[in-house]
Amino acid sequence: MSAPEDLLLELGCEELPAREQMPLRDAAAEGIARLLGEAGLQYGSIHSYVTPRRLALWIRDVSRQSLPQETLRRGPPMARARDAQGKPTAAAEGFARSCGIRFDDLLTLETDKGPILAWREVGATQDSHGLLPEIASKLVAGLPLRKRMRWGTRSDHFLRPVRWLLLRQGRQVLDWHLFGLCSGGESFGHRVHHPQAVHIATPADYAASLHQAQVMVDFAERRTHIDRKIAALAEEMAVMPILPASLLDEITGLNEWPVVLGGSFAEDYLRVPEEALITVMMQHQRYVPLRDGHHRLAPHYLFVANLHSQNAQMVISGNNRVLRARLADAAFFWDQDRQVSLRTRREALAGVLFQDGLGSLLDKTLRLRTLVTTFAPLFAVDAAIMARAAELCKSDLLSGLVGEFPELQGVMGGHYAEHDGEQAQVATAIAQHYLPASRDDTIPADPHGQCLAVADKLDTLCGFFAIGKIPTGDRDPFALRRAALGVLRIVLDGQIPLNLDTAIRSTLAAYRPAVAHSETRTAVLDFFQDRMRVYFREEGFRPDQITAVLSRQPYEPLDARQRLEALARFQAGHAAAEALAALIKRVNNLLRKETRSSDCPVDPGHFTDPAETALWEHWQALEQPVRAQLAERRYAATLDLLAGLRPVVDQLFDAVMVLDENPVLRQNRLALLAQIQEAFLHIADFSLLQGN
């Protein structure tokens, strides 16, 4: 048997979108591992590479022959294998012939439906050189691509046009045909510095050979290189870079041979709010903004060029010129927008449709004004201030700067409100009410912003559900899942005791004409339930704990989390937790199966055993402290108190028959257990816990 050899696969493309590269690389590594395993080919480590112009895999020690593939063939049941005379039936003989063997050579296989005839076929090993081209084609076909494009006259499609293929095992170039191309043993270097073909002698030479052709193929290595160069140049300039991980990833995906350079712009542009300047630099140009020693935005920036120019100053001047044009637009709109107040723009919102069936943006601001005054006490903010913020929060959508840079909505509204002389809390609420705008975004830091953000998101959620625009599967064109998650994050991180049912009723009632249908309310509440389950699972709570708590507290996310924290702590730290849960399940089962009069109080005069008296007295001593702890939502302390009931409840079950034939005794004992059950149900339904 031949020794295993390394495998190299490369797909050469036109520029791959920066944000697609990492998911593509990871999917390729997972896909090749699965396909090699399915083909019976053994392999070692997998190294995956991606740049703007290539996707590549280097797999160590791929076996030259596949493992024998065993196939189990199932035949008719044994009951139909022989006739009354004991001879093989036609069905059994036919199955044997199809397997190429005699009937007597067939096997008997036990199944959940009884024994059946079967045969195990062991296929011959196959040469990897014959298997790998098909595996490579399956890999490419199975890559998860959000968008596909065609080029030329062929029907093939991929994320971007494919220009070359490379597939070799060891020193052998394999015959792989795809996209009208045939694989060779060559890659290509940097588009400018080394456009010629690069011969790859062996898979292990791949990264080093391309590095000589001025291509850094390893994404992580390229990212680290860029990060270090930016930090070093910023230190030389005595500034601090604004470089979030997402921007660094995108810059890495735009370059094969990154060279970090520094540019500058006129200080006069610093009069424009820094959020606008940073947006222009980061989101439009992929530049790195800089702050000076006083944490102010500096009139300098860093950028990464995808080549090493002999005249770096010309490259810098070109980038300065591009940035200057963008900043000039921002400055122009900033100056023009401030000539018209938000209050003046507000009336024009009547002519801007929010959503067909939900009225205009002016209609939305009127609903928000009603909602924020309702929600204001929950957030401990002034209702009049919130009403003013709600009236003006959408006016910046008609400004020139937000029209040019939509991602600045809200932020610029806050600046315009400040310029107009509005109260600081009004400006803050407007600036923050779109937060969180993404999963990784922060929530509004100010309670005024939190109040307006929750009202805005609930209005959108309830409105779109009311007109049937409900997310299905992976489709969520109106980002309603993100809106629901935003509400939950604000409520939980901001410690806001918001009742979702009450809030949704208020939101639906604010629509004119009213859309307050009970079906809509139920659908939105169910939607929030699903989001809460996902959110709490991501926080580390067990599914059964979440179900147990949400069955008792489905409407207040903050209270539900407090219960979850207490329950998880109790189960993890209390020795008797599992036994206590089992005991409460037993109590629940008894009460669920037996009809009991709800107005039947516990009568100690009907006790016939000391165990009943002991439980009653123990509960009497605990009842008031338990109710006091529950009133303060001190659930952990409540569970610690309730844990003391276990021995006396155990004694009751050992000493008496709860379901006594005497209906008076039976009802009295059930009433006693019902009081115990009620205390636990104030926290969670313990019958839904699965145990450890």
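Refer to the preceding data block for the structure.
None of these values were measured; they are calculated from a predicted model.

Chemist: Got a sec to walk through the overall build of the protein chain? Specific residues and values, please.
Modeler: A tally of helices and strands in the protein chain yields 25 helices and 18 strands. Against the compact-globule benchmark of 26 Å for 692 residues, the protein chain has a radius of gyration of 35 Å, which places it well outside the compact range. Per-residue burial for the protein chain yields a buried fraction of 48% across its 692 residues. Looking at the protein chain as shown, the accessible area adds up to about 32500 Å², and 50% of this sits on carbon and sulfur atoms. Both charge centroids of the protein chain, one from 76 positive and one from 85 negative side chains, sit 4 Å from each other.

Chemist: Go over unusual backbone geometry with me, naming the residues and quoting the values.
Modeler: Note: most residues except glycine have negative phi, and most peptide bonds are trans. For the bond running from L435 to P436, omega is -10°, close enough to zero to count as cis. Within the fold, P436 resides in the loop between α14 (424-432) and α15 (447-466).

Chemist: I'd like a rundown of the side chain of T365, residues and numbers included.
Modeler: Residue position: T365 is located in helix α10 (residues 361-379). A relative accessible area of 0% places T365 in the buried class.

Chemist: Describe the packing of aromatic side chains, naming the residues involved and giving the relevant values.
Modeler: In this structure the tally under the stated criterion is 16 aromatic pairs. Ring geometry for W164 and F188: centres 4.9 Å apart, planes at 55°, overall tilted. Of this pair, W164 sits in strand β7 (residues 162-169) while F188 sits in strand β11 (residues 186-188), placing them 24 residues apart in sequence. Ring geometry for Y287 and F303: centres 5.8 Å apart, planes at 50°, overall tilted. Of this pair, Y287 sits in the loop between α7 (274-284) and β15 (288-291) while F303 sits in strand β16 (residues 297-305), placing them 16 residues apart in sequence. Neither Y287 nor F303 differs from the other in exposure class; each is buried. Through pairs of rings, three or more aromatic residues link up here, namely W151, F158 and F179. Between R531 and the ring centre of F527, over which it is positioned, the NZ or CZ distance is 5.0 Å.

Chemist: Any chance you could break down helix α22 (residues 610-631) for me, citing the residues and the numbers?
Modeler: A rise of 1.5 Å per residue sets the reference length of α22, with its 22 residues, at 32 Å; its end C-alpha atoms lie 32 Å apart and thus fit the reference within 8%. Along α22, the helix axis deviates most sharply at L622, where the bend reaches about 35°; the proline P625 sits within four residues downstream. Listed in full, the buried residues belonging to α22 are A611, E612, L615, W616, W619, L622, E623, V626, Q629 and L630. Contacts from the buried residues of α22 go to α23 (635-642), α24 (646-655) and α25 (663-681). You can read the cap of α22 off the contacts: a side-chain oxygen lies 2.8 Å from the backbone nitrogen of A611, and it is on D609.

Chemist: Explain the pattern of salt bridges to me, using residue names and the numbers behind them.
Modeler: In total, this model carries 49 salt bridges according to the counting rule given. Here R388 ties to E422 by a salt bridge, and the two come within 2.8 Å at their closest N and O atoms. With R388 in helix α11 (residues 383-392) and E422 in the loop between α13 (411-419) and α14, this pair connects stretches of sequence that are 34 residues apart. The partly exposed category is assigned to R388, whose relative accessible area is 26%. Look at the salt bridges and you will find they share partners, linking K364, R367, K394, D456 and D459 into a network.

Chemist: Explain the sheet that holds β7 to me, using residue names and the numbers behind them.
Modeler: The antiparallel open sheet is built from five strands, whose spatial order is β2-β3-β1-β7-β8. The open sheet is flanked by β2 (46-51) and β8 (172-173), the only strands paired with a single partner. Pairing of strand β1 (residues 5-13) with strand β3 (residues 54-62) involves seven bridges; the strand directions are antiparallel. Residue L8 lies in a different strand from β3, and its bridge partner there is W58. Along the sheet, helix α3 (residues 128-141) makes contact with β1, β3, β7 and β8, crossing β7 at roughly 145°.

Chemist: Run through the environment of R154, naming residues and quoting values.
Modeler: By the secondary structure assignment, R154 is in the loop between α3 and β7. Judged by relative accessible area, R154 falls into the partly exposed class, the value being 42%. Every residue in contact with R154, bar those within four places of it in the chain, is listed here: F179 and G180.

Chemist: I'd like a description of helix α18 (residues 518-538), backed by residues and values.
Modeler: Taking 1.5 Å per residue as the helical rise, α18 with its 21 residues ought to reach 30 Å, and the 30 Å between its terminal C-alpha atoms agrees with that figure. T520, R521, V524, L525, F527, F528, Q529, R531, M532, Y535 and F536 are the residues of α18 that are buried. Looking at the packing, one finds that the buried side of α18 touches α15, α16 (480-493), α17 (500-509), α19 (543-550) and α20 (557-573). Immediately beyond the C-terminal end of α18, within one or two residues, lies G540, with a positive phi of roughly 105°.

Cut-off values and rules
- Throughout this document, residue positions are counted from 1 along each chain, in the order its sequence is written.
- Residue-level local features of this predicted model are given only where pLDDT is at least 70; pairs of side-chain atoms are given and counted only at 80 or more, and the full residue set underlies all totals for whole chains, interfaces and linings.
- Hydrogens and water molecules were not included; the side-chain quantities draw on all heavy atoms of the structure.
- Put simply, DSSP marks the helices as runs of H or I at least four residues long and the strands as runs of E at least two long, and each gets a number from the N terminus on.
- C-alpha atoms define the radius of gyration, and 2.2 Å times the number of residues to the power 0.38 defines the globule rule.
- The rule is simple: take the accessible area with a 1.4 Å probe, protein chains only, and divide by the maximum for that residue type; under 20% is buried, over 50% is exposed, in between is partly exposed.
- Every accessible area reported is derived by Shrake-Rupley at a probe size of 1.4 Å, with residue values counting cover from the shown protein chains alone.
- Neither His nor the chain ends is counted toward charge; the positive residues are Lys and Arg and the negative residues Asp and Glu.
- For this purpose, a charge sits on NZ of Lys, CZ of Arg, CG of Asp or CD of Glu.
- Each aromatic pair joins two rings of Phe, Tyr and Trp (for Trp, the six-membered one) with centres within 6.5 Å, and gets the label stacked for planes under 30 degrees apart, edge-to-face for over 60, and tilted for any other angle.
- Either the NZ atom of lysine or the CZ atom of arginine qualifies as a charge over a ring when it sits within 6 Å of the ring centre and within 35 degrees of the ring normal.
- By this rule, a helix spans an expected 1.5 Å times one less than how many residues it contains.
- One axis fitted to the seven residues ending at a residue, another fitted to the seven starting there: the angle between these axes is the bend at that residue.
- Note on contacts: a residue pair qualifies if any of its non-hydrogen atoms lie within 4.5 Å across the two residues.
- Any N or O atom pair separated by 3.5 Å or less is treated as a polar contact, with the protein-specific requirement of one donor-capable and one acceptor-capable atom, and with residues adjacent in sequence counted only for side-chain atom pairs.
- What counts as a salt bridge is simple: a side-chain nitrogen of Lys or Arg found within 4 Å of a carboxyl oxygen of Asp or Glu.
- Should DSSP find at least two bridges between two strands, the strands are regarded as paired.
- To define axes, lines are fitted to C-alpha atoms, for helices over the stretch in contact only, and angles between the resulting N-to-C directions are given on a 0 to 180 degree scale.

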